[in-house]
Amino acid sequence: MKTWFRASSPRAGRSQAGSWQRFFGRIAETPTNIAFMRSTLVSIVMMASIAGCVSPDQDPVVNHALDSLLKAQRAHNEQNHARLAFEQDSIQKAQEQIAFGSLRFGMPSDTVRTLVKKMADPRGFINMGNTTYSLRTRFTGNDRLYRIEFSGVRQNASFLKTTVLESARNLAAVIETKYGPASEQQGNPDFFKYKPGAMQVMHRWVVGAKEIQVGIREVSTGSQYSAEAWIWNTAMQNAVLKASEAKTAAERAKASSNL
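Residues numbered from 1 in each chain as written. Predicted model: local features only at pLDDT ≥ 70, side-chain atom pairs only at ≥ 80, totals over all residues. Heavy atoms only, no water.

Peer 1: Go over the pairing of strand S7 (residues 199-207) with me, naming the residues and quoting the values.
Peer 2: When strand S6 (residues 184-185) meets S7, the two strands line up antiparallel, connected through two bridges. Bridge pairing in S7 places Glu184 opposite Arg204. One ladder, built from eight bridges, connects S7 with strand S8 (residues 210-218); its direction is antiparallel. Residue Val201 lies in a different strand from S8, and its bridge partner there is Gly215. (Pairing = 2+ DSSP bridges. Helix = DSSP H or I, 4+ residues; strand = E, 2+ residues; numbered from the N terminus.)

Below, the structure written as structure tokens:
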């Protein structure tokens, strides 16, 4: 049986050593777990020994075994990727219909009111993290829940960088605990970009058909601000907006006919 690194000259020795370096480098090209790599290498070495090869990258048995290893590992990685994607999709499917707690998108208003009453404290607030928030619910034209909105205590501009900002960060931390880091992060709001009734979004999550936005809103009357978390079913909300636009267009057409 031949010895792999026995060389007839220093140049041959360096050449054979370089062959093994390239050999192990090719194995390292494909991510693999240690146990799988060890067992496969043992098989390759045994095959190479039986073949009596002098240089691994010149022996067809070793090369065939190595190619088989790489192909098997790529297939293994692809299977793992597909499995993880399926598991993630299953999690999203399970979570996307949850508005909050036992509330589900599509529930009728009477059921929602009953459940909210059970979740809220005696004052009507819901605790999230280290802060309490009020909860608004939105329904479609056929009385189905499509959106909920959490709001912190309204305060004036002098509290924007303290308690209001802390309240918004608390909401984001609670949601991040469940869904991980936000899909988008915008940083702290710009004071000069506030508009009455609008929220400056700081964090955004997309969970299948559900979207969550956290930020700070200037109330409709202006000069007061609150931390907000808005959660909605995207398809249902789009349908509501489309219906609202159609209604507005019809009312304008009717009004213009009287001119």
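Peer 1: With reference to specific residues and values, describe the nonpolar core.
Peer 2: The biggest cluster of nonpolar side chains holds 35 residues, and the ones touching the most others in it are Leu103, Phe150 and Ile216. Where this core is concerned, the elements lending two or more residues are helix H4 (109-119), strand S3 (126-128), strand S4 (131-139), strand S5 (145-151), helix H5 (160-179), S7, S8 and strand S9 (225-233). Ranked by the residues each element gives to this core, the list is headed by H5, at seven residues. For Ile216, the contacting residues outside a window of four places in its chain are Leu160, Val164, Leu165, Ala168, Pro189, Tyr194, Ala198, Met199, Gln200, Met202, Tyr225 and Ser226. (Core = buried A, V, L, I, M, F, W, Y, C linked by side-chain atoms within 4.5 Å. Buried < 20%, exposed > 50% of the residue type's maximum accessible area, 1.4 Å probe, protein only. Contact = heavy atoms within 4.5 Å.)

Peer 1: Residues and numbers for the pairing of S4, please.
Peer 2: Here three bridges tie S3 to S4, and the two strands are oriented antiparallel to one another. Bridge assignment links Met128 to a residue of S4, and that residue is Thr131. Remark: two residues form the turn of the hairpin made by S3 and S4, two consecutive strands paired antiparallel; Gly129 in that turn has positive phi of roughly 65°. Here six bridges tie S4 to S5, and the two strands are oriented antiparallel to one another. Note that in S5 the partner of Leu135 across the bridge is Phe150. In textbook terms, the turn of a hairpin is the stretch between consecutive antiparallel strands, and for S4 and S5 this stretch comprises five residues, one of which, Asp143, has a positive phi near 65°.

Peer 1: How would you explain the layout of surface pockets if you had to name every residue and give the values?
Peer 2: Of the volumes computed, that of the largest pocket is approximately 190 Å³. What lines the largest pocket is a set of 13 residues, and nearest its centre among them are Ala99, Phe100, Lys178, Tyr179 and Ile231. Contributions of two or more residues to the lining of the largest pocket are made by strand S1 (98-100), H5 and S8. Per element, the largest residue contribution to the lining of the largest pocket is four residues, and it comes from H5. Each residue belonging to the lining of the largest pocket can be placed in one class, and the counts come to nine nonpolar, two polar and two charged. (1 Å grid on protein atoms, 1.4 Å probe; cavity = no way out; pocket = protein on both sides within 12 Å on 5 of 7 lines; lining within 4 Å. Points joined across faces, edges and corners; volume = space filled by probe spheres on them. Nonpolar A, V, L, I, M, F, W, Y, C, P; charged D, E, K, R; others polar.)

Peer 1: So, the pattern of salt bridges: which residues are in play, and what are the values?
Peer 2: Following the criterion strictly, the structure yields seven salt bridges and no others. Arg136 is the partner of Glu228 in a salt bridge, and the nearest nitrogen-oxygen pair spans 3.1 Å. Of the two residues, Glu228 sits in strand S9 while Arg136 sits in strand S4, which places them 92 residues apart along the sequence. Notably, a salt bridge pairs Glu149 with Arg147, separated by 2.6 Å at the nearest N-O pair. The network of salt bridges with shared partners includes Arg136, Arg138, Arg147, Glu149 and Glu228. (Salt bridge = Lys/Arg side-chain N within 4 Å of Asp/Glu carboxyl O.)

Peer 1: Tell me about the packing of aromatic side chains, and please be specific about residues and values.
Peer 2: Going through the model one piece at a time under the given rule, you end up with five aromatic pairs. Their ring planes at 80° and their centres at 5.6 Å tell us that Phe191 and Phe192 sit as a pair that is edge-to-face. In this structure Phe192 comes out as exposed when scored by relative accessible area, which is 75%. Members of the aromatic cluster, each reached through a chain of ring pairs, are Phe191, Phe192, Tyr194 and Tyr225. (Phe/Tyr/Trp six-rings, centres within 6.5 Å; stacked < 30°, edge-to-face > 60°.)

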